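Listed below are the residues making up each chain.
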Number of protein chains: 2
Amino acid sequence: MHSPPHKHGHAPHQHADAPTRHGDAPNHSRSVARHRAAVAALLAPLLTEAGAETLTLRAALGKGLASDIAAPLSLPPFANSQMDGFAINSADLPEGGAELRVVDPVPAGATPAALKRGTAAPIMTGAMIPAGADAVVPVEAAVPDRFPAPGAASTVWLPATVAGTFVRSAGSDIAAGERALASGSFLGPGQLGLLAGLGIGEVTVHRPLKVLLATTGDEVVEPGQPLTAGKIYDANGTLLESAMRQAGLAVVRTAIASDRPEELRALLRRHAGTVDLIVTTGGVSKGAYEVVRQAMEGQSAEFVHVAMQPGGPQGIGTFDGVPFLGFPGNPVSCLVSFEMFLRPVLSELFGAPVARTAIRARLAHGLTSPEHKHQVRRGSFQADGTVRLEGGESSHLMHALAGSNALVQVPAGISALAEGDEVEVWML
Amino acid sequence: MHSPPHKHGHAPHQHADAPTRHGDAPNHSRSVARHRAAVAALLAPLLTEAGAETLTLRAALGKGLASDIAAPLSLPPFANSQMDGFAINSADLPEGGAELRVVDPVPAGATPAALKRGTAAPIMTGAMIPAGADAVVPVEAAVPDRFPAPGAASTVWLPATVAGTFVRSAGSDIAAGERALASGSFLGPGQLGLLAGLGIGEVTVHRPLKVLLATTGDEVVEPGQPLTAGKIYDANGTLLESAMRQAGLAVVRTAIASDRPEELRALLRRHAGTVDLIVTTGGVSKGAYEVVRQAMEGQSAEFVHVAMQPGGPQGIGTFDGVPFLGFPGNPVSCLVSFEMFLRPVLSELFGAPVARTAIRARLAHGLTSPEHKHQVRRGSFQADGTVRLEGGESSHLMHALAGSNALVQVPAGISALAEGDEVEVWML
């Protein structure tokens with residue numbers, strides 16, 4: 001991969017935030033979709049058989065299934081009652097109903113004796129329908145509308161019914177051999193519950209990718225250290241590590257790298273052999289000190305400009321053969337880069353995390369957007385179906401981000417939207 | 001608490017699913033809102049100071065904040081540049097621009113020397129604005145549009161600008177002393193990133209509630225065991241444990257309890273001293289063998305019918321003083337009970353998990369619903385803003401649940417909806 005030329009003007013009145021000498025001319029930036037496809041191509045080789053592991057259902061929560069699973073049995077395994085009532089043969093109940101002799105009850109979990117014609121067996125929800133019975137009459141439709149004491153000889157009047165009523169037939173949920181879950185399914189409560197119901201105790205899932213996360217910058221110090229003039233605390237490390245862990249990645253953090261390229265290079269080299277992916281923050285634009293760009297010299301990596309605001313400058317390639325993504329240095333740009341590029345590719349390739357829900361919402365205020373860029377604003381989706389923008393366009397606004405629950409997507413080609421206009425919103 | 005009388009008819013043609021002798025007469029069932037309020041009242045006493053703990057940011061991911069946090073410093077802590085460019089005094093640039101002498105660059109992380117009038121200091125994004133400068137001109141607006149080599153004496157032509165341009169002023173994100181996060185905030189990546197940026201290393205959060213989860217039923221066997229006639233595998237344990245763990249609860253599982261009340265009672269008693277909440281499944285309706293009802297005799301608990309389908313029969317109270325919720329026995333009823341009652345109360349009281357996103361969607365098909373009940377259907381929310389129902393009303397349909405990503409809410413009072421009608425959907 002080679003870095004394409006980026007030499008064109010930038011109009012300051014567009015308030016682009018990230019450090020940039022790249023303008024928004026559509027011919028020189030790549031689209032969000034194109035960069036996402038490049039990230040997918042970079043990570044696709046990680047989708048190997050060696051990247052799968054077999055886990056108990058408990059350990060598999062939140063992971064992506066690595067193969068199809070067929071149902072080893074039918075659910076329900078046998079016809080059973082949907083109600084507490086009387087198992088009967090519908091042919092014994094003419095129009096107008098009939099009085100039937102009550103026989104021994106059918107408890108749940110047992111194989112009942114066959115039902116003799118002309119009799120009614122008390123049956124509990126979930127219990128097996130006896131041979132010879134074809135329907136259940138709910139106890140509240142019976143006269144009397146209660147079960148007789150066990151052992152007491154008695155009769156019950158029951159109304160007419162049709163065969164199959166209140167019977168859950170064998171295989172009505174899923175038939176043996178049918179595909180229960182497709183490869184790539186996210187394993188949440190519903191999916192794991194189904195597998196448990198099928199008696200399956202272990203599943204093969206995609207192993208979590210191990211990511212080296214390196215934040216950079218001479219001006220950045222670890223929270224907890226004293227803050228001298230000109231310095232800021234590192235928000236990116238915590239922000240991205242949290243987002244990555246929520247997405248199921250195993251994260252290796254390094255100490256904050258300085259702006260010396262040889263130091264960053266040594267740090268990356270130290271970890272490259274043990275991780276699946278390297279993610280850096282900062283140092284990817286066209287300033288005088290761009291440590292990540294400099295550290296990646298000689299590697300197969302390019303530094304591109306995506307037509308997106310924030311998060312335009314992006315690095316992509318490999319470092320010593322390990323997939324590498326270089327996110328820009330501002331916190332909001334980092335999170336937007338993660339949500340727009342890395343997270344959706346993980347969902348698509350590995351089945352986990354769950355893809356963000358994209359919904360339509362009405363803007364609570366108007367907005368402007370650079371026409372040739374895809375703008376991503378932070379917002380709060382409200383119960384009334386509107387979305388309120390939180391903070392402005394600027395990518396340093398962490399407080400506004402912390403008050404948001406959604407990303408507002410303003411595609412390229414749109415320069416302004418009015419209050420009430422519909423936008424696509426991704427729920428965080 | 002005493003169990004209210006429940007004696008009224010049930011109309012079988014309404015296809016109520018859960019075992020029931022309770023009808024849907026509105027006077028005898030409690031509403032979803034009323035039962036949710038009862039669950040909130042049951043759990044509110046757990047919101048104590050002893051229930052909070054102080055954790056590192058890393059360990060606090062996904063938890064609820066137990067106190068307000070004020071910003072100990074402003075963000076940004078100092079005025080800094082939003083662009084790579086030249087720090088200048090706007091008074092030095094008349095309309096038409098001017099040629100200024102270039103002085104030493106301002107690196108990020110340093111305290112720069114004061115800017116002399118008539119000069120321009122190369123400045124990188126995020127670097128401190130020198131005293132005497134009041135604006136930044138982006139490098140691409142300069143002539144020449146690049147930084148001179150360090151140390152080389154040079155001049156640059158810059159266009160006029162106004163004070164404040166491309167300057168992020170101190171405190172423009174958040175001012176010292178301002179509330180950064182409110183008590184009860186969910187701590188996700190954005191919130192933890194803000195705290196890190198503020199230099200905060202530890203937070204006080206709500207300790208995870210410890211839940212005893214006991215599934216019951218003579219017909220239920222553990223996945224992995226042989227399945228004899230009349231038996232089914234336990235899906236509820238895996239389903240609910242997964243949902244609870246996703247919601248941040250610490251879950252203690254018991255072996256499946258039989259239908260013998262004294263055995264269940266002994267099992268609950270063994271764990272009651274070490275948990276915050278007991279949740280059981282099954283045995284709460286009006287059948288002949290209702291083990292949870294029987295085990296709770298003499299305890300301060302009631303067995304009520306909520307006007308909801310599925311999930312109508314519910315137990316609530318205390319067992320030996322420990323809060324107790326008895327969910328019904330069908331898997332879908334269990335999950336709906338958790339999502340409608342326990343999960344929203346946890347979000348409301350403890351700030352975690354994040355409340356489900358409620359959105360409006362158009363039905364892809366018509367549906368019917370028992371008029372006096374709140375029906376909860378499973379569905380898949382589609383990219384086009386419609387929701388497709390998965391499976392029927394029946395609460396045993398695990399396969400359909402596993403193919404769903406949403407709960408479709410059909411409030412009481414509605415007996416039918418048509419294709420295209422709008423419904424509220426909760427994203428799972």
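**Section: the relation of the copies chain A and chain B**
Move 1: Superposing chain A onto chain B takes a rotation of 180° plus a shift of 0.0 Å along the axis, which leaves an RMSD of 0.0 Å. Overall, the copies show the geometry of a two-fold rotation axis. Of the C-alpha atoms belonging to chain A, the one lying closest to the rotation axis is found on A:Ile359, 4.1 Å away.
Move 2: Most of the interface of chain A is mirrored in chain B, where 99% of its interface residues are also at the interface.

**Some words on the domain arrangement of chain A**
Move 1: Per the domain assignment, the segments making up chain A are domain 1 (13-52 + 207-350), domain 2 (80-168) and domain 3 (358-427).
Move 2: A straight line from the C-alpha centre of domain 2 of chain A to that of domain 3 of chain A covers 59 Å.

**With respect to helix H3 (residues 189-197) of chain A**
Move 1: Burial of H3(A) is extensive: nine of the nine residues sit out of reach of the surface.
Move 2: With its phi angle positive at about 80°, A:Gly199 sits one or two positions after the end of H3(A).

**Considerations on the sheet that holds strand S20 (residues 322-327) of chain B**
Residue and element names in this part refer to chain B.
Move 1: Here we have six strands laid out as an open sheet, ordered S15-S12-S16-S20-S19-S17, and mixed in their pairing. If you trace the sheet from one side to the other, it starts and ends with strand S15 (250-253) and strand S17 (301-305), each paired once. Within this sheet the neighbouring strands show an average axis-to-axis angle of 20°, counted without direction.
Move 2: Pairing between strand S12 (residues 210-215) and S15: four bridges, direction parallel. Following the sheet pairing, Leu-213 is matched in S15 by Arg-253.
Move 3: The sheet contacts of helix H4 (residues 261-272) involve S12, S15, strand S16 (277-281), strand S19 (313-319) and S20, and relative to S12 the element is tilted by about 165°.
Move 4: Sitting on the sheet, helix H6 (residues 331-350) is in contact with S16, S19 and S20, with an inclination near 135° to S20.

**Let's talk about the nonpolar core**
Move 1: One finds A:Phe86, A:Ala87, B:Phe86 and B:Ala87 to be the most contacted residues of the largest nonpolar core, which totals 252 residues.
Move 2: Discounting residues that sit within four places of it in the chain, B:Ala87 has contacts with B:Ser81, B:Val106, B:Leu115, B:Ala120, B:Ala121, B:Ile123, B:Ile129, B:Pro130, B:Ala133 and B:Val136.

**Focus: the pairing of strand S12 (residues 210-215) of chain A**
Residues and elements named next belong to chain A.
Move 1: Counting buried residues in S12 gives five out of six residues, a clear majority hidden from the surface.
Move 2: Of the pairings in the sheet, the one linking S12 to strand S16 (residues 277-281) comprises five bridges and is parallel in character. Of the residues in S16, the one forming a bridge with Val-211 is Leu-277.

Thresholds, definitions, all that
Residues numbered from 1 in each chain as written. Chains lettered and ligands numbered in written order. Predicted model: local features only at pLDDT ≥ 70, side-chain atom pairs only at ≥ 80, totals over all residues. Least-squares fit on C-alpha atoms with pLDDT ≥ 70 in both. Contact = placed C-beta atoms within 7 Å. Domains from an automatic or database assignment. Buried ≥ 20, exposed ≤ 12 C-beta atoms within 10 Å, placed from the backbone. Helix = DSSP H or I, 4+ residues; strand = E, 2+ residues; numbered from the N terminus. Pairing = 2+ DSSP bridges. Axes fitted to C-alpha atoms, helices over the stretch in contact; angles between N-to-C directions. Core = buried A, V, L, I, M, F, W, Y, C linked by C-beta atoms within 7 Å.

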